[in-house]
Amino acid sequence: MQNAEEMRLVRAAAGGDVNAFEQLMRQHEGKMYAVALRMCANREDAQDCMQEAMIRAYRAIENFRFQSSFATWVYRITMNTCLDELRRRKVRQATSLDAMLDVGWSPAGGDSPEGKALAGERKRELEKAIHSLPEDMRAAIILRDIQGYAYDEIANILDVNVGTIKSRISRGREKLREILADKMELFNRDKV
């Protein structure tokens with residue numbers, strides 16, 4: 001849902017007000033970067049994709065029609081930019097623990113040194129598994145299970161129907177279970 005101030009900024013930016021556009025980007029750049037980082041798995045590529053997404057948004061803002069929230073629209077642009085970049089390279093990047101810490105995702109593991117080590121190992125294995133998924137499943141899983149978007153929001157961001165999103169998430173979760181099957185002792189331990 002858009003608030004009146006954001007709608008005013010969007011209208012001003014669509015009319016050529018660069019300051020209004022910059023304000024909008026400041027409001028959304030954190031989540032744009034988080035989406036890009038999850039998709040690209042390294043800071044430099046995520047930063048590049050976020051910058052490219054901002055340029056694309058600037059060029060297209062006059063076409064924004066208020067049919068979805070501005071946030072959904074700009075996250076769709078970000079996701080599409082990342083997918084374009086990944087398709088160009090056809091290279092799956094290795095997981096970066098530092099990159100994961102940048103967006104604050106931390107599986108539980110306790111405060112003890114052993115718990116922290118277990119949490120780090122869980123995080124590395126889960127991120128490797130996520131990054132091994134096909135791009136369409138990875139995008140849906142990241143948006144739903146990590147970013148916390150609703151199915152309809154994900155459908156808007158990725159520009160596909162809700163049924164497709166549910167299918168991608170279901171298949172993606174099943175693939176993750178298969179990938180992590182031999183590492184389940186990491187995820188089923190109650191205590192270290």
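Peer 1: How do you make sense of the overall build of the chain when you look at a structure like this?
Peer 2: Within the chain, the regular secondary structure consists of ten helices and zero strands. Put simply, the chain runs from its N terminus to its C terminus through helices and strands in the order α-α-α-α-α-α-α-α-α-α. Considering the chain as a whole, with its 192 residues, one finds that 44% of them fall into the buried category.

Peer 1: Teacher, can you tell me more about the pattern of salt bridges here?
Peer 2: Pairing between side chains of opposite charge can happen when the charged atoms of each approach one another. With the rule as written, the count across this model stands at eight salt bridges. In this structure, Asp 145 and Arg 173 form a salt bridge, with 2.6 Å as the shortest nitrogen-oxygen distance. Linking Asp 145 in helix H7 (residues 135-146) with Arg 173 in helix H9 (residues 162-180), this pair joins segments that are 28 residues apart in sequence. According to the relative accessible area criterion, Asp 145 is partly exposed, its value standing at 38%. When the shortest N-O distance is used, the salt bridge between Glu 174 and Arg 177 registers 3.3 Å. Of this pair, Glu 174 and Arg 177 both sit in helix H9, three residues apart, which is roughly one turn of the helix.

Peer 1: Is there a simple way to explain helix H1 (residues 4-14) in this structure?
Peer 2: Along H1, the residues that are buried comprise Glu 6, Leu 9, Val 10 and Ala 13. Looking down the long axis of H1, one finds its buried residues gathered within 100° of arc, a one-sided arrangement. If you check the start of H1, you find a side-chain oxygen 3.1 Å away from the backbone N of Glu 5, and it comes from Asn 3.

Peer 1: Help me understand the confidence of the model for the chain in this model?
Peer 2: Detailed reading of predicted coordinates is not advised where the pLDDT is low. Scored by pLDDT, the chain comes out at a mean of 81, with 82% of its residues at no less than 70. Taken element by element, the chain is modelled with least confidence in helix H5 (residues 97-102), mean pLDDT 35, and with most confidence in helix H3 (residues 43-60), mean pLDDT 93. Scored below 50 in pLDDT, residues 91-109 makes 50 contacts in the model with residues more than four places away or belonging to other chains.

Peer 1: Explain unusual backbone geometry to me, please; I cannot follow it from the model alone.
Peer 2: Most peptide bonds adopt trans geometry, and most residues besides glycine take a negative phi value. For Phe 66, which is not a glycine, the phi torsion comes out positive at approximately 60°. Looking at the secondary structure, you find Phe 66 in the loop between H3 and helix H4 (70-89). On the basis of relative accessible area, Phe 66 is assigned to the partly exposed category, the value being 30%. Even without glycine at this site, Asp 159 takes up a positive phi of about 60°. With respect to the helices and strands, the residue Asp 159 is situated in the loop between helix H8 (151-158) and H9. Judged by its relative accessible area of 58%, Asp 159 is exposed.

Peer 1: Just checking my understanding: could you explain the state of the cysteines for this structure?
Peer 2: In protein structure, a disulfide is the covalent linkage between the sulfur atoms of two cysteines. Under the criterion given, the structure shown has zero disulfides. Free cysteine Cys 49: the closest other cysteine sulfur is in Cys 40, separated by 3.7 Å.

Peer 1: How do you make sense of the packing of H7 against H8 when you look at a structure like this?
Peer 2: When two helices pack together, their arrangement is given by the angle between the helix axes and by the axis-to-axis distance. Running from N to C, H7 and H8 cross one another at 140°; their axes reach a closest spacing of 10 Å. The angle between the axes of H7 and H8 places the two elements in the oblique class. Seen from above, H7 lies across H8 with right-handed handedness. Along its contact with H7, which presents Ala 139, Ala 140, Leu 143 and Arg 144, the element H8 presents Tyr 151, Ile 154, Ile 157 and Leu 158. Residue composition of the contact of H7 with H8, grouped by class: seven nonpolar, no polar and one charged.

Peer 1: Is there a simple way to think about the side chain of Thr 81 in this case?
Peer 2: Relative to the helices and strands, Thr 81 resides in helix H4. A residue is classified by how much of its surface remains accessible, and Thr 81, at 2% relative accessible area, is buried. There is a polar contact of 3.2 Å between the side chain of Thr 81 and the side chain of Arg 56. Polar side-chain contacts of Thr 81 include one of 2.7 Å to the backbone oxygen of Ile 77. With near-sequence residues (within four places) excluded, Thr 81 lies in contact with Cys 49, Glu 52, Ala 53 and Arg 56.

What counts, and where the lines are drawn
Residues numbered from 1 in each chain as written. Predicted model: local features only at pLDDT ≥ 70, side-chain atom pairs only at ≥ 80, totals over all residues. Heavy atoms only, no water. Helix = DSSP H or I, 4+ residues; strand = E, 2+ residues; numbered from the N terminus. Buried < 20%, exposed > 50% of the residue type's maximum accessible area, 1.4 Å probe, protein only. Salt bridge = Lys/Arg side-chain N within 4 Å of Asp/Glu carboxyl O. Arc of directions from axis to C-beta. Polar contact = N/O pair within 3.5 Å; in protein donor to acceptor, adjacent residues only side chain to side chain. pLDDT = per-residue confidence, 0-100. Contact = heavy atoms within 4.5 Å. Disulfide = S-S within 2.5 Å. Axes fitted to C-alpha atoms, helices over the stretch in contact; angles between N-to-C directions. Parallel < 35°, antiparallel > 145°, perpendicular 65-115°, else oblique. Left-handed = near helix turned anticlockwise from the far one by under 90°. Nonpolar A, V, L, I, M, F, W, Y, C, P; charged D, E, K, R; others polar.

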